[in-house]
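Observations on the three-dimensional arrangement
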Amino acid sequence: MIIYYQDNHDCMFAANIIYNNRKHLAWDDGTNVKLVPYRYSRTDILKILDTKETVVILGIGFFANDPKSIERVRTIIQRSKKVIWIDGHENTEDLMRMFPEIETYYEKGRATSFILHYKILKRDYNLGVDLIAEKQSYPNPSMACICLYLYILSVYSDPSDIVWNEIYESNNLDPLINTGLITIDFLKQQNIFAIENFGYKSILNGEEVIALNADHRLFLPDVVYTQKTPILFWQFDGNMYRYFLYRANSKVNCLELAKIYNSFGTDYRATFVLSSLIAPRKEKEWESLKWWKISLLILAKI
């Protein structure tokens, strides 16, 4: 079995649940499981396909208007024994219509781990599943959700990590939540400082945004959703630019704003990948960053 998962908390958690319940699910014999992160590469999965193995795809967007996306799905089907697709993104409806041969589990707006636990495994209430699903499905999740998210961010490596087992199987997540709580105040101040000092104005599809070269996972909803302008986080992974657009406290529909880039997500948060930087900082804005601010940043790092 090949578990092909989106590189986020929800899909890593779902991959872990499948891995630990592979015999119960009986999608494959479960003797040789490969965990393959998407990481925005369209070709990694194609290199290891085998007609004797089932491929389980978690939270990876499908784009009906993108020939490369269509061809990738066709190739996966042709080179696999069976394809199972679990996703809550709305564009999964196009996948179901175009590829009825795929065994698809879909519930609009739901986290992948939520669909897996409640709809496929048909199990009872699980706090870990609900908290992780909350982070994936709502713009302003609870403090418990954020604290668990921060704890995971500080310790996890991949879906086989024991931390996921603990979250899924434990009846008491307070120790993990309390560990995450310790970092809240520090991170909040760091977030505000980063947006004010490193964020810069840019234009995305005619809409003004604040662009920031930073990991979006390290920014708290309490900070992001108080900003009046949408925030476009971006990172370069050595091959592609990864973008994460947040509505913040504006009326912008993120999915609509970024749809020309084949984005996927929701009205308040969307993500997409491009081979180029679409929100560079203007030279004049670099010059306007006064030397005393730069000195302060250097001292802060020291």
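So, on to the sheet that holds strand 7 (residues 207-213). Read across the open sheet, the 6 strands follow the order 6-7-8-9-11-10; overall the sheet is mixed. On the outer flanks of this sheet lie strand 6 (200-204) and strand 10 (264-265), each paired with one strand and no other. Two strands pair when backbone bridges link them, and strand 9 (residues 241-246) and strand 11 (residues 269-274) are joined in this way by 6 bridges, in the antiparallel orientation. Bridge pairing links Leu 245 to Ala 270 in strand 11. Contacts from helix 10 (residues 184-198) reach strand 6, strand 7 and strand 8 (231-236), with the element oriented near 115 degrees to strand 7.

Before going further, it helps to spend a moment on the sheet that holds strand 2 (residues 34-37). Strand order in the open sheet formed by 5 strands is 2-1-3-4-5, with parallel pairing between adjacent strands. Two strands in the sheet have a free side with no partner beyond their single neighbour: strand 2 and strand 5 (103-106). This sheet shows a mean twist of 15 degrees between the axes of neighbouring strands, independent of strand direction. Examined bridge by bridge, strand 4 (residues 82-87) and strand 5 share 4 bridges and lie parallel to one another. Bridging from a neighbouring strand, Trp 85 pairs with Thr 104 of strand 5. Most of the contacts of helix 1 (residues 9-20) go to strand 1 (residues 2-5), to which it runs at about 165 degrees, and overall it touches strand 1, strand 2, strand 3 (54-58) and strand 4. In the packing of helix 3 (residues 67-78) onto the sheet, the strands contacted are strand 1, strand 3 and strand 4, and the crossing angle to strand 4 comes to about 135 degrees.

On to the environment of Lys 108. With respect to the helices and strands, Lys 108 occurs in the loop between strand 5 and helix 5 (112-120). Residues Lys 108 and Gly 88, spaced 20 residues apart in sequence, show a C-alpha to C-alpha distance of 4.8 Å. Look past the residues within four positions of Lys 108 in its chain and what remains in contact with it is Gly 88 and Glu 90.

Of all hydrophobic cores here, the largest spans 56 residues; its most connected members are Ile 18, Trp 27, Leu 58 and Ile 86. Among the elements that take part in this core, helix 7 (residues 143-155) stands out by supplying 8 residues, more than any other. Sequence-distant contacts of Ile 18, that is, excluding residues within four places in its chain, are made with Met 1, Ile 3, Leu 25, Trp 27, Val 56, Leu 58, Ile 86 and Leu 116.

A word on the side chain of Asn 197. On the secondary structure map, Asn 197 appears in helix 10. The exposure class assigned to Asn 197 is buried, which follows from its relative accessible area of 10%. A distance of 2.8 Å separates the side chain of Asn 197 from the backbone oxygen of Phe 193, its partner in a polar contact.

Right, let's talk about the pairing of strand 1 for a bit. Because side chains alternate across strand 1, one face comprises the buried residues Ile 2 and Tyr 4, and the other comprises Ile 3 and Tyr 5, equally buried. In the sheet, strand 1 pairs with strand 2 via 4 bridges, with the strands oriented parallel. Considered in strand 2, the bridge of Tyr 4 is made with Val 36. Of the strand pairs in this sheet, strand 1 and strand 3 are connected by 4 bridges, and their pairing is parallel. Each residue of the ladder has a partner; that of Ile 2, found in strand 3, is Val 55.

Cut-offs applied
Residues numbered from 1 in each chain as written. Predicted model: local features only at pLDDT ≥ 70, side-chain atom pairs only at ≥ 80, totals over all residues. Heavy atoms only, no water. Pairing = 2+ DSSP bridges. Helix = DSSP H or I, 4+ residues; strand = E, 2+ residues; numbered from the N terminus. Contact = heavy atoms within 4.5 Å. Axes fitted to C-alpha atoms, helices over the stretch in contact; angles between N-to-C directions. Core = buried A, V, L, I, M, F, W, Y, C linked by side-chain atoms within 4.5 Å. Buried < 20%, exposed > 50% of the residue type's maximum accessible area, 1.4 Å probe, protein only. Polar contact = N/O pair within 3.5 Å; in protein donor to acceptor, adjacent residues only side chain to side chain.

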